[in-house]
Amino acid sequence: MELKIAVLAGDGVGPEVVLQAKKALHAIADVFEHTFIFEDALMGAVAIERTGSPLPEQTLNLCLNTDAVLLGAIGDPKFDNNPLAKVRPEQGLLKLRKSLGLFTNIRPIKPYRPLLNASPLKRVIIEGVDFVIFRELTGGAYFGEKKINEAGTYASDLCEYSKEEITRITHLAFQAAQKRRNKVTLVDKANVLETSRLWRRVVKEIAAQYPSVDLNFLFIDNAAMQIIVNPKQFDVILTENLFGDILSDEASVITGSIGLLASASLGEKNALFEPVHGSYSKGKGKNIANPIASILSAAMLLEHFGLQDEAGKVYEAVEKAIEYQVVTKDLKPDSNFGTHDVGDFVANYILSKDDLLYFNNDNVHIGQSTIV
Ligand code: IPM
Ligand code: MN
């Protein structure tokens, strides 16, 4: 298969983690005889610095005309701490999501067995957790009309949803549930918000078309608690944009590190793959950022194009890295491995068609190169 992939490395640790994802994809292309053509483009703070815009026209055009987008991370504290900034890196990402029509964001949550102790939550609570968040990505308060008065003393963000916006993601969530454990939990605030009541009505109607799938409802405040006290109850969580943003960071605690969470953002024509984590500017260039979220996002890209065996190989390589403790310090504070080591391990694992004996486990404790 030939795929043209736009790479938006972005800010902070974005370039280092996305480089590891590219290594994995290069290895997959080699082993499975595919052609992946990568084209780099600017987005985020780095794009603001060089062009004045967080999403230059050229970048948007490239993304519109490629098969997929692989995104590193965007954001810079320089903008976060300046409420008066007119241009922000995040605007680039939001505009890209909207322009590509990426209305469904999929974020799987499944802890790795060797990392059960890496989570601050008790093992008995997280062992066996396996759910996926379907977050609506192009509506709600993120995109409703924004206002601030001249005096800067009043502001509002309009939260809007249409039946169509709810319908299209709901079908995808139910179809996913049919391939999983047949359960959809709609998370909302229907006791207070009119938009949530619309979500409930529309989702209930659609549920009738999927009789094998159980639908239940949780208010966002309760859901935030349930994710911590009993995350095993979830299979597919369906929710609006802002609630999904918050719940997915919270859910990352189950896996032990937000550096492990990948995501796919899908539209009618386009698809974008990015880690759930932010740009972690403090870690930039230090070779300490966990590249697994980015590598797993590349695996989701492969799955999206029906390359199941290829994606499976990447998942297997990541499992091996974790099993052999070739992980960054967020997962193992005394680890001697950096971002690049994890990426090299994964790529080498994929390249070695015989997956045995290429890794010398004895070297792990002395932190020497483990790729032999
Ligand atoms: C995410 C991020 C973004 C969001 C930011 C960077 C705009 O937090 O993808 O979860 O809020 O959607
Ligand atoms: Mn977020």
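Note that this is a predicted model, so its numbers are computed, not measured.

## Topic: the site of ligand 1
And step 1. Every residue close to ligand 1 is listed here: Glu 90, Arg 97, Arg 107, Arg 135, Tyr 142 and Asp 245.
And step 2. Between ligand 1 and Arg 135 there is a distance of 2.8 Å, counted from an oxygen atom to a side-chain nitrogen or oxygen.
And step 3. Taking Asp 245, its side chain carries an N or O atom lying 2.9 Å from an oxygen atom of ligand 1.
And step 4. The fraction of the free accessible surface of ligand 1 (320 Å²) that becomes covered by protein chains is 79%.
And step 5. Counting only domains with at least three residues in the shell around ligand 1, you end up with domain 1 (1-107 + 257-372) and domain 2 (120-255).

## Comments concerning the nonpolar core
And step 1. Judged by nonpolar contacts, the single largest core of 70 residues is most densely connected at Ile 5, Phe 36, Phe 134, Leu 238 and Phe 273.
And step 2. Sort the elements by how many residues they give to this core and helix H11 (residues 292-304) lands first, with eight residues.
And step 3. When sequence neighbours within four positions are dropped, the list of residues in contact with Phe 134 reads Thr 104, Asn 105, Ile 106, Ile 169, Leu 172, Ala 173, Ala 176, Val 236, Ile 237, Leu 238 and Thr 239.

## Overview of H11
And step 1. With 13 residues, H11 extends 18 Å from end C-alpha to end C-alpha; this agrees with the ideal 18 Å at 1.5 Å per step.
And step 2. By the burial criterion, the buried members of H11 are Ile 292, Ala 293, Ser 294, Ile 295, Leu 296, Ser 297, Ala 298, Ala 299, Met 300, Leu 301 and Leu 302.
And step 3. Of the residues trailing H11, Gly 306 is marked for its positive phi of about 75 degrees.

## Observations concerning the pairing of strand S5 (residues 131-136)
And step 1. With six of six residues buried, S5 is to be regarded as a mostly interior element.
And step 2. Across the two faces of S5 the burial is the same, with Phe 131, Ile 133 and Arg 135 and Val 132, Phe 134 and Glu 136 all buried.
And step 3. For strand S4 (residues 104-109) and S5, the ladder comprises six bridges, and the chain directions are antiparallel. Looking at the pairing, Ile 109 lines up with Phe 131 of S5.

## Here's the deal with the packing of aromatic side chains
And step 1. Counting across every chain of the model gives five aromatic pairs.
And step 2. Through successive ring pairs, a cluster of aromatic residues spans Tyr 324, Phe 345 and Tyr 349.
And step 3. Above the plane of the ring of Phe 38 lies Lys 22, whose end atom (NZ or CZ) is 5.5 Å from the centre.
And step 4. The lysine or arginine in question, Lys 98, covers the ring of Phe 143, its NZ or CZ lying 4.8 Å from the ring centre.

## Concerning the packing of helix H1 (residues 14-32) against H11
Pairs of packed helices are described in terms of their axes, by the angle between the two and the distance that separates them.
And step 1. One can describe the packing of H1 onto H11 by two numbers: an axis separation of 8 Å at closest approach and a directional angle of 40 degrees. Put simply, H1 runs oblique to H11. Relative to H11, H1 is oriented so that their crossing is right-handed. Along the contact surface, H1 presents Val 17, Val 18, Gln 20, Ala 21, Ala 24, Leu 25 and Ile 28, while H11 presents Ser 294, Ile 295, Ala 298 and Leu 302.
And step 2. Class assignment for the residues of the contact of H1 with H11 results in nine nonpolar, two polar and no charged.

## Considering the pattern of salt bridges
And step 1. Counting across every chain of the model gives 19 salt bridges.
And step 2. Residue Arg 180 pairs with Asp 235 through a salt bridge whose shortest N-O separation is 2.7 Å. Of this pair, Arg 180 sits in the loop between helix H7 (163-178) and strand S8 (183-188) while Asp 235 sits in the loop between helix H9 (220-229) and strand S10 (236-239); the two residues are 55 residues apart in sequence, bridging distant segments of the chain.
And step 3. In this structure Arg 180 comes out as partly exposed when scored by relative accessible area, which is 29%.
And step 4. Judged by its relative accessible area of 0%, Asp 235 is buried.
And step 5. Put simply, Glu 316 and Lys 313 hold a salt bridge, and the shortest N to O gap is 3.7 Å. You can see Glu 316 and its partner Lys 313 sitting in helix H12 (residues 308-323), three residues apart, about one turn around the helix.
And step 6. We classify Glu 316 as partly exposed; its relative accessible area is 27%.
And step 7. You can call Lys 313 buried: its relative accessible area is 16%.
And step 8. Through salt bridges with shared partners, a single network forms among Asp 130, Arg 180, Arg 181 and Asp 235.

Reading the values: the criteria
Residues numbered from 1 in each chain as written. Chains lettered and ligands numbered in written order. Predicted model: local features only at pLDDT ≥ 70, side-chain atom pairs only at ≥ 80, totals over all residues. Heavy atoms only, no water. Near = heavy atom within 4 Å. Polar contact = N/O pair within 3.5 Å; in protein donor to acceptor, adjacent residues only side chain to side chain. Areas by Shrake-Rupley, 256 points an atom, 1.4 Å probe, with all protein chains shown as cover. Domains from an automatic or database assignment. Core = buried A, V, L, I, M, F, W, Y, C linked by side-chain atoms within 4.5 Å. Buried < 20%, exposed > 50% of the residue type's maximum accessible area, 1.4 Å probe, protein only. Helix = DSSP H or I, 4+ residues; strand = E, 2+ residues; numbered from the N terminus. Contact = heavy atoms within 4.5 Å. Expected span 1.5 Å × (residues − 1). Pairing = 2+ DSSP bridges. Phe/Tyr/Trp six-rings, centres within 6.5 Å; stacked < 30°, edge-to-face > 60°. Lys NZ or Arg CZ within 6 Å of the ring centre and 35° of its normal. Axes fitted to C-alpha atoms, helices over the stretch in contact; angles between N-to-C directions. Parallel < 35°, antiparallel > 145°, perpendicular 65-115°, else oblique. Left-handed = near helix turned anticlockwise from the far one by under 90°. Nonpolar A, V, L, I, M, F, W, Y, C, P; charged D, E, K, R; others polar. Salt bridge = Lys/Arg side-chain N within 4 Å of Asp/Glu carboxyl O.

Coordinates in, geometry out; function isn't part of it.
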